[in-house]
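Fold and contact review
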Amino acid sequence: MSLPATETAQALGEILAGRDLSQARAAKLAGTSQPFLNQVATGRRKPSAEWVDLIAAALALSPEESERLHRAAAKDHGFRIDLTERRPKG
């Protein structure tokens, strides 16, 4: 039985694939455990904002990639996020 993918799992998987990084290598770069990273990458665990910061820094994510990962994690934790950009009137 497979678990449904989370927003975080999808975003993290795409980021790792885009950098041709294994979960083991990414975990080593971030100084986190490979089993925990695997649990996040497969949707079995939801990471904290601090963990997302750790991964973002270790993988030198762009601000856009970091924001995408943070938004995904927030959504997985049940936060409703308005993804529309608001521009000042005038």
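The structure this text deals with has already been given above.
Residues numbered from 1 in each chain as written. Predicted model: local features only at pLDDT ≥ 70, side-chain atom pairs only at ≥ 80, totals over all residues. Heavy atoms only, no water.

1. Some details on helix H4 (residues 49-58)
Quick note on the threshold: Here the term buried applies to any residue with accessible area under 20% of the maximum for its type, exposed to any over 50%, and partly exposed to those in between, with areas from a 1.4 Å probe on protein chains only. Put simply, DSSP H or I for four residues or longer makes a helix, DSSP E for two residues or longer makes a strand, and each gets a number counted from the N terminus. The arc in question is formed by the directions pointing from the helix axis toward the C-beta atoms. We call two residues contacting when some pair of their heavy atoms lies within 4.5 Å.
Among the residues of H4, those classed as buried are Trp51, Val52, Ile55 and Ala56. Along the axis of H4, the buried residues cluster in a sector spanning 135°; they form a single face. Exposed residues on H4 whose side chains face more than 90 degrees from its buried face are Glu50 and Ala57. Contact partners of the buried residues in H4: helix H1 (7-18), helix H2 (23-30), helix H3 (34-41) and helix H5 (63-76). Once H4 ends, the next one or two residues include Ala60, with phi positive near 50°.

2. Points about the side chain of Thr8
Operational definition: Polar contact is the term for a pair of N or O atoms within 3.5 Å; when the atoms are in protein, one must be able to donate a hydrogen and the other to accept it, and sequence-neighboring residues count only if both atoms are side-chain atoms.
Mapped onto the fold, Thr8 is located in helix H1. Overall, Thr8 belongs to the buried group, its relative accessible area being 1%. Of the polar contacts made by the side chain of Thr8, one reaches the backbone nitrogen of Ala73; its length is 3.2 Å. Excluding residues within four positions of it along the chain, Thr8 makes contact with Val40, Pro47, Leu69, Ala72, Ala73 and Asp76.

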